[in-house]
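# Summary of the model geometry
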Amino acid sequence: MTINQLSWRMLVPDTQPYLQQPDRPASSDVHIFSQLQARLCYGLTQLLHPSAPANIMLVKSPELPEYPARIGAAAREMIPGDLPLCGGRYQTDTDNVSLMPPVSPDDDFTAAGAVVTGDWIESEQLFGCVRWHGNRPQLQPGLLHQANGGVLVLSLRSLLAQPLLWLRLKQMMTRGQFEWFSPDERRPFPVEIPPLPLQVKLILCGERDALAEFQEMEPEIAELAIYSEFEDNLQIVEPQAFVLWRDWVQALAAQHQLPQPQTDAWIPLVREGVRYTGDQLTLPIEPEWILRQLREMAPLCQESFSGEQFHQMLAQREWREGFLSERMQDEILLEQILIETEGVRTGQVNALSVIEFPGHPRAFGEPSRITCVAHIGDGEFTDIERKAELGGNIHAKGMMIMQAFLMAELDLEQQIPFSASLTFEQSYSEVDGDSASMAELCALVSALSGVPLRQGIAITGSVDQFGRSQPVGGLNEKIEGFFTICQQRELTGQQGVIIPMANVRHLALHQEVLDAVEAGQFSIWAVDDARDALMLLSGLPWDDEQRPGLLQMIQGRIAQATQQEARHRYPWPLRWLNWFNHN
């Protein structure tokens, strides 16, 4: 049996080794970026090489203006400064437009290794345009002309939304020359405009679904393109990695003129970062997440902020976004949704769910009451959610895995003489995911054995066909949701939550939960096996040679039911049956 009652120190990341690292001179944000995004910068090096395998690079990144700008800044540092001039000079008069060799990079259609970025672009912004003053044309450059001989960084979604824009860009890059075109195909230019030599490298940034759409649309280009990703988190496996993350936060704060964290602010900032990534050894390096924290701190401080001020900001944010979660908690406290947090019940257990409403920014945890009723039957286990078409495929898979484990443990020669039905009580929307399969197994075992379960303990986790617990998501929200209900009803010291052992590294709980655990008012247990969870909930072992366990109790009830069925099938005494057989 492996049951680990977690101390409060295991419920948050250990920040002490990192905070002992001394400050060091500030580095440029581009230098820090190259360390954080080593794979991406290596891809840029390949793209910028004269013998590059392709002139297009695909980068998986969020589709926000910050990301093309960051990638462009990194490319700008890598691109050589002595590249030859590209493009040319246009001379125009009333009847003629001629192209002259490039002379100066200050000319409108001459460039030398510039890196140009664009988020959402239109045709005129990308390709420039031709305007007419009387009969005299005036040529205006676009982003493509500015990036000639260099790099153009674009958002992929703008090209996918405008297929004609992409087709023209692809054709020009393939031919190596820029062709002027009239916006109205029925009215061509009255004078011929010579094409411009074009030599540009293209970086397209987009989310994974946009990259998949591009791959389907242009399979040959996608196969040849250089690929990399804008990594959104950093593994903190050694103190130097934390120092790098700290430098990145400070660099972003300085660049955007936002307040800097003081020494005591790093602990709550790290904990909030761990809650966001869901891993105690991983911190977010996404600029938008870091900047959001710093921008929300700006109204509360001047040039820097303390840990207390950061806690204040988080509390205000939770209060501002917490209307919906508070109303759901009120429904439980007013007993409109029935959740028991004391006593024992047979065939009933508190599972933990994460609620995410469309249009609501904050996910929150809420306990769910799972019940199971067992009766004499043909061995069918009914998933009421599935029967009512409220259960998703993953939930159904978890139910079948849980049932397979139980049948393998019972090792019966015939069909089990019981039927059972399981459901999420007072659930009126679709249920999916397998994170409740361990709770459903506990409710089923309780109903079959007749042994009640403690209602002050909630449980989350999935289970495999061997009974081993498997990690699930949303641990912090789930634990805090059940803790809040117990706290509002007054903590008894007998309440707590069971989680899979593999989920311990995902914990970063609020301070009030840590205080309750430290004071012994609330407990969190980590288990490796569903048998251990059943031991905690029922007080009985699963299989014990010295005293009856849950497995023996189920087997005993099966034997009793089988004998009753035999007596019902043959109501006469056995000697009467023998007399009939011989006469």
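Residues numbered from 1 in each chain as written. Predicted model: local features only at pLDDT ≥ 70, side-chain atom pairs only at ≥ 80, totals over all residues. Heavy atoms only, no water.

## Topic: the sheet that holds strand β28 (residues 495-500)
Sheets are built from strands paired through backbone hydrogen bonds, the pairs being either parallel or antiparallel. With mixed pairing, eight strands are arranged side by side in an open sheet as β1-β29-β28-β25-β20-β21-β23-β22. What marks the edges here is a single partner per strand, and that holds for β1 (3-5) and β22 (381-383). Taking the axes of each pair of neighbouring strands and ignoring which way they run, one obtains an average angle of 30° across the sheet. With three bridges connecting them, strand β25 (residues 457-459) and β28 associate as parallel partners. (Pairing = 2+ DSSP bridges. Helix = DSSP H or I, 4+ residues; strand = E, 2+ residues; numbered from the N terminus. Axes fitted to C-alpha atoms, helices over the stretch in contact; angles between N-to-C directions.)

## What about the side chain of Gln-37?
Structurally, the position occupied by Gln-37 is in the loop between α2 (29-36) and α3 (38-48). With relative accessibility at 1%, the residue Gln-37 sits in the buried group. Here the side chain of Gln-37 touches Glu-231 through a polar contact of 2.8 Å, landing on its backbone oxygen. Setting aside its immediate chain neighbours within four residues, Gln-37 contacts Glu-229, Phe-230, Glu-231 and Ile-285. (Buried < 20%, exposed > 50% of the residue type's maximum accessible area, 1.4 Å probe, protein only. Polar contact = N/O pair within 3.5 Å; in protein donor to acceptor, adjacent residues only side chain to side chain. Contact = heavy atoms within 4.5 Å.)

## Thoughts on the confidence of the model for the protein chain
As a note on interpretation, predicted positions should not be read in detail where pLDDT is low. For the protein chain, mean pLDDT is 89; residues scoring 70 or higher make up 95% of the total. For the stretch residues 572-581, pLDDT sits under 50, and the model shows two contacts to residues farther than four places along the chain or on other chains. (pLDDT = per-residue confidence, 0-100.)

## As for the nonpolar core
Counting 53 residues, the largest nonpolar core has Ile-203 and Trp-245 as the members making the most contacts within it. Looking at which element gives the most residues to this core, the answer is helix α11 (residues 239-255), with nine residues. Ignoring any residue separated from it by four or fewer positions in sequence, one finds Trp-245 in contact with Leu-234, Trp-266, Leu-269, Val-270, Leu-283, Pro-284, Ile-285 and Ile-290. Counting residues in hydrophobic clusters, the runner-up holds 46 residues, among them Leu-444, Val-451, Ile-459 and Ile-554. (Core = buried A, V, L, I, M, F, W, Y, C linked by side-chain atoms within 4.5 Å.)

## Quick look at the environment of Pro-84
Looking at the secondary structure, you find Pro-84 in the loop between α4 (66-78) and β3 (86-87). In this structure Pro-84 comes out as exposed when scored by relative accessible area, which is 57%. Each C-alpha atom, one on Pro-84 and one on His-31, is 26 Å from the other, the two residues being 53 residues apart in sequence. Aside from chain neighbours lying at most four places away, what touches Pro-84 is Ala-111 and Ala-112.

## With respect to the packing of helix α19 (residues 475-488) against helix α20 (residues 511-518)
Direction vectors running N to C along α19 and α20 enclose 65°, while the axes themselves pass 11 Å from each other. Classified by the angle between their axes, α19 and α20 sit roughly perpendicular to one another. The handedness of the crossing between α19 and α20 is left-handed. Across from Glu-480, Phe-483 and Gln-487 in α19, the residues of α20 making contact are Glu-512, Val-513 and Ala-516. Class assignment of the residues belonging to the contact of α19 with α20 gives a composition of three nonpolar, one polar and two charged. (Parallel < 35°, antiparallel > 145°, perpendicular 65-115°, else oblique. Left-handed = near helix turned anticlockwise from the far one by under 90°. Nonpolar A, V, L, I, M, F, W, Y, C, P; charged D, E, K, R; others polar.)

## A word on helix α12 (residues 266-277)
With 12 residues, α12 extends 16 Å between its outermost C-alpha atoms, agreeing within 8% with the 16 Å of an ideal straight helix rising 1.5 Å per residue. For α12, the complete set of buried residues consists of Trp-266, Pro-268, Leu-269, Val-270, Arg-271, Glu-272, Gly-273, Val-274 and Arg-275. Phi turns positive, to about 80°, at Gly-278, one or two residues after α12. (Expected span 1.5 Å × (residues − 1).)

## Quick look at the sheet that holds strand β14 (residues 226-229)
Read from one edge to the other, the open sheet built from five strands follows the order β7-β10-β13-β2-β14, with strand pairing classed as parallel. One side of each edge strand has no neighbouring strand; the edge strands of this open sheet are β7 (115-118) and β14. The sheet shows a mean angle of 20° between the axes of neighbouring strands, taken without regard to direction. Note that β7 and strand β10 (residues 151-155) share four bridges and pair parallel. Each residue of the ladder has a partner; that of Val-116, found in β10, is Leu-152. Taken strand by strand, α4 contacts β2 (56-60), β7, β10 and β13 (201-206), and its axis lies near 175° from that of β7. Against the sheet, helix α9 (residues 208-217) makes contact with β2, β13 and β14, and its axis sits at roughly 145° relative to β2, the strand it touches most.

## Section: the environment of Gln-511
Following the sequence through the fold, Gln-511 ends up in helix α20. Along the sequence, Gln-511 and Ala-73 sit 438 residues apart, while their C-alpha atoms lie 40 Å from each other.

## Regarding a negative patch on the surface
On the surface, a cluster of negative charge is contributed by Glu-318, Glu-512, Asp-515 and Glu-518. Take Glu-518: it is sitting in helix α20. (Patch = residues over 30% accessible without salt bridge, like charges linked within 9 Å, V, L, I, M, F, W, Y side chains within 5 Å. Areas by Shrake-Rupley, 256 points an atom, 1.4 Å probe, with all protein chains shown as cover. Salt bridge = Lys/Arg side-chain N within 4 Å of Asp/Glu carboxyl O. Lys, Arg positive; Asp, Glu negative; His and termini not counted. Charge placed at Lys NZ, Arg CZ, Asp CG, Glu CD.)

## Comments concerning unusual backbone geometry
In the Ramachandran plot, Gln-257 falls in the positive-phi region, its phi being about 55° despite a non-glycine side chain. By secondary structure assignment, the location of Gln-257 is in the loop between α11 and β16 (260-261). With a phi angle near 60°, Glu-335 is a residue other than glycine that sits in the positive phi range. Looking at where Glu-335 falls in the secondary structure, it is placed in the loop between α15 (323-333) and β19 (344-345).

## A closer look at the environment of Glu-308
Mapped onto the fold, Glu-308 is located in helix α14 (residues 307-321). Relative accessible area serves as the criterion here: at 64%, Glu-308 is assigned to the exposed category.

## A look at the packing of aromatic side chains
With the rule as written, the count across this model stands at 18 aromatic pairs. Members of the aromatic cluster, joined through ring pairs, are Tyr-90, Phe-109, Phe-127, Phe-178, Trp-180 and Phe-181. Arg-168 extends its terminal NZ or CZ atom over the ring of Phe-181, reaching a point 3.9 Å from the ring centre. Over the aromatic face of Phe-323 sits the side chain of Arg-327, whose NZ or CZ is 4.8 Å from the ring centroid. (Phe/Tyr/Trp six-rings, centres within 6.5 Å; stacked < 30°, edge-to-face > 60°. Lys NZ or Arg CZ within 6 Å of the ring centre and 35° of its normal.)

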